Amino acid sequence: MKHIVYVTILIVVATLVLLFVANGVQWMPVQASFEAISIDQLFGLHIDVIVILYALVNGILLYSVFAFRRKKNDESEGAFFHSNSKLEIGWTVVPLIVVLYFAFLGATVLGQNLEKGDDELEVIVTAQQWTWSFEYPEWGIASTELNLPINQRVHLILKSPDVTHSFWVPEFRLKQDAVPGQETNLRLTPTLLGNYKVRCAELCGTSHYAMESPVNVMTAEDFEIWRQKRLGIYVEPEGEAQDPAELGKQVAASAGCIACHSIDGSALVGPSWKGLFGSTRSFADGSSATADETYLHESIVDPAAKLVEGFQDLMPKNFAQTLTETEITGLIEYIKTLQ
Ligand code: CUA
């Protein structure tokens, strides 16, 4: 009996200390969506249960190691137990109830988060080796960045033309696979202004690690300005034009170019950009050309037209849709600076 009292005290104390520590740790990045609230609550509940289980198992283990050590010169056999039905039923039924309860909570939260809302902003997300592109069918615009107005419920429709990818924005706490041959759905309401990233969370080939794109949660006003820029109807206030090469550098990162094209001369999936401008390119069909502005433009919007020798036809073919002419010019200007 005294053992049970001691081990109970040990477990309770260990649980309290560990709960204090575990709840003091900031496990997650900022909470940037409405859906994240209930997911974080679930996560916290899991942590609590894990802490209790950890203290229970290790408390009994540690106590036994010290309290039931073999006494000096004690060579006798230990007591023999065959089984204990009560215990076995107990440790089967109790965890079963806990697991079923968590399954119920998880299904409830998932159901709520996927529920269709009215007045949703629809965005078609295309994941392909190794870029993301985002279409806003309501206005017929496309982008390599996912821009979202704050507090607006969004319906993402995920597609993949090649292999399975996974849309994952840790700040939204949401993840959904993009599967070839079918459409998957995700719904969310961004609630915190900021710049985040969508990362691919499914191993999808050579440049999987670099498959990420900006996700920007904007005010309704900023979103409207961006929307008008994409539509080409925005009137720039005086003196706000950006240096093209600087813009190109930003586009190279946000459009995913640097996942496949190095700027230091090293060979990745695609040819390096270092020293590219003005050089002579040899193509798979035996022809060659000088890399001037026209060539670079063509290679961005129609990458299969002249395939550089030694490289495969892997580049996405939709940059004519997802990039504006200003952005393409910026990219070319940026490549020119990489000598
Ligand atoms: Cu796409 Cu990993």
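Given the structure is predicted, the values throughout are model-derived calculations rather than measurements.

## Describing helix 6 (residues 293-301)
For helix 6, the set of buried residues is Tyr-295, Leu-296, Ser-299 and Ile-300. Buried residues of helix 6, viewed axially, fall in a sector of 130 degrees; they line one side.

## Things to note about empty space enclosed by the protein
For the coordinates displayed, the defined rule picks out 1 cavity of 30 Å³ or more. In this model, the largest cavity occupies a volume close to 530 Å³. If you go around the largest cavity, you meet 31 residues; those closest to its centre are His-261, Pro-271, Ser-299, Pro-303 and Met-315. Breaking the lining of the largest cavity down by element, the ones donating at least two residues are helix 6 and helix 8 (325-337). When residues of the lining of the largest cavity are assigned to their parent elements, the largest contribution, 4 residues, is made by helix 6. Across the lining of the largest cavity, the residue classes tally to 21 nonpolar, 7 polar and 3 charged.

## Looking at the environment of Val-163
Here Val-163 lies in the loop between strand 5 (154-159) and strand 6 (165-169). In this structure, the C-alpha to C-alpha distance between Val-163 and Thr-329, residues 166 residues apart in sequence, is 31 Å. Look past the residues within four positions of Val-163 in its chain and what remains in contact with it is Gln-129, Ala-178, Pro-180 and Cys-204.

## Quick notes on the nonpolar core
Counting residues in each nonpolar core, the largest one holds 36 residues, and the members touching the most others are Val-123, Trp-132, Phe-134, Tyr-136, Leu-156, Phe-167 and Phe-172. In contact with Phe-172, not counting residues within four places along its chain, are Ala-32, Ser-33, Ala-36, Leu-148, Leu-188, Pro-190, Tyr-196, Val-215 and Val-217. Core analysis: the second largest hydrophobic core is formed by 21 residues, Cys-257, Trp-273, Phe-319 and Leu-323 among them.

## What to know about the layout of surface pockets
Taken as a whole, the largest pocket encloses approximately 910 Å³ of empty space. Contributing elements (two or more residues each) for the lining of the largest pocket: strand 10 (212-218), helix 4 (220-231), helix 5 (244-254) and helix 8. Among the residues forming the lining of the largest pocket, the class breakdown is 10 nonpolar, 13 polar and 7 charged. Empty space within the second largest pocket amounts to approximately 430 Å³. As for the second largest pocket, its lining consists of 14 residues, of which Leu-53, Leu-56, Trp-91, Val-94 and Pro-95 are closest to the centre. With 8 residues, the single largest contributor to the lining of the second largest pocket is helix 3 (residues 85-114).

## Thoughts on the pairing of strand 8 (residues 184-188)
Of all 5 residues that make up strand 8, 4 are buried, and the element is covered over most of its length. In this sheet, strand 8 lies alongside strand 5 in antiparallel orientation, the contact comprising 5 bridges. Residue Leu-156 lies in a different strand from strand 8, and its bridge partner there is Leu-186.

## Quick notes on the pattern of salt bridges
Counted according to the given criterion, the structure contains 14 salt bridges. Arg-70 is paired through a salt bridge with Glu-75; the nearest N and O atoms lie 3.5 Å apart. Between Lys-306 and Glu-298 there is a salt bridge whose closest N-O contact spans 2.8 Å. Take Lys-306: its relative accessible area is 32%, and that puts it in the partly exposed class.

## What about the packing of helix 2 (residues 34-67) against helix 3?
In helix packing, the relevant descriptors are the interaxial angle and the interaxial distance, both defined with respect to the helix axes. As a packed pair, helix 2 and helix 3 sit with axes 10 Å apart at the nearest point and diverge in direction by 170 degrees. One element, helix 2, and the other, helix 3, form an angle in the roughly antiparallel class. In terms of crossing hand, the pair formed by helix 2 and helix 3 is left-handed. Seen from helix 2, the contacting residues are Glu-35, Ser-38, Ile-39, Leu-42, Leu-45, His-46 and Val-49; seen from helix 3, they are Phe-102, Leu-105, Gly-106, Val-109 and Asn-113. In the contact of helix 2 with helix 3, the residues fall into 7 nonpolar, 4 polar and 1 charged.

The rules we used
Residues numbered from 1 in each chain as written. Predicted model: local features only at pLDDT ≥ 70, side-chain atom pairs only at ≥ 80, totals over all residues. Heavy atoms only, no water. Buried < 20%, exposed > 50% of the residue type's maximum accessible area, 1.4 Å probe, protein only. Helix = DSSP H or I, 4+ residues; strand = E, 2+ residues; numbered from the N terminus. Arc of directions from axis to C-beta. 1 Å grid on protein atoms, 1.4 Å probe; cavity = no way out; pocket = protein on both sides within 12 Å on 5 of 7 lines; lining within 4 Å. Points joined across faces, edges and corners; volume = space filled by probe spheres on them. Nonpolar A, V, L, I, M, F, W, Y, C, P; charged D, E, K, R; others polar. Contact = heavy atoms within 4.5 Å. Core = buried A, V, L, I, M, F, W, Y, C linked by side-chain atoms within 4.5 Å. Pairing = 2+ DSSP bridges. Salt bridge = Lys/Arg side-chain N within 4 Å of Asp/Glu carboxyl O. Axes fitted to C-alpha atoms, helices over the stretch in contact; angles between N-to-C directions. Parallel < 35°, antiparallel > 145°, perpendicular 65-115°, else oblique. Left-handed = near helix turned anticlockwise from the far one by under 90°.

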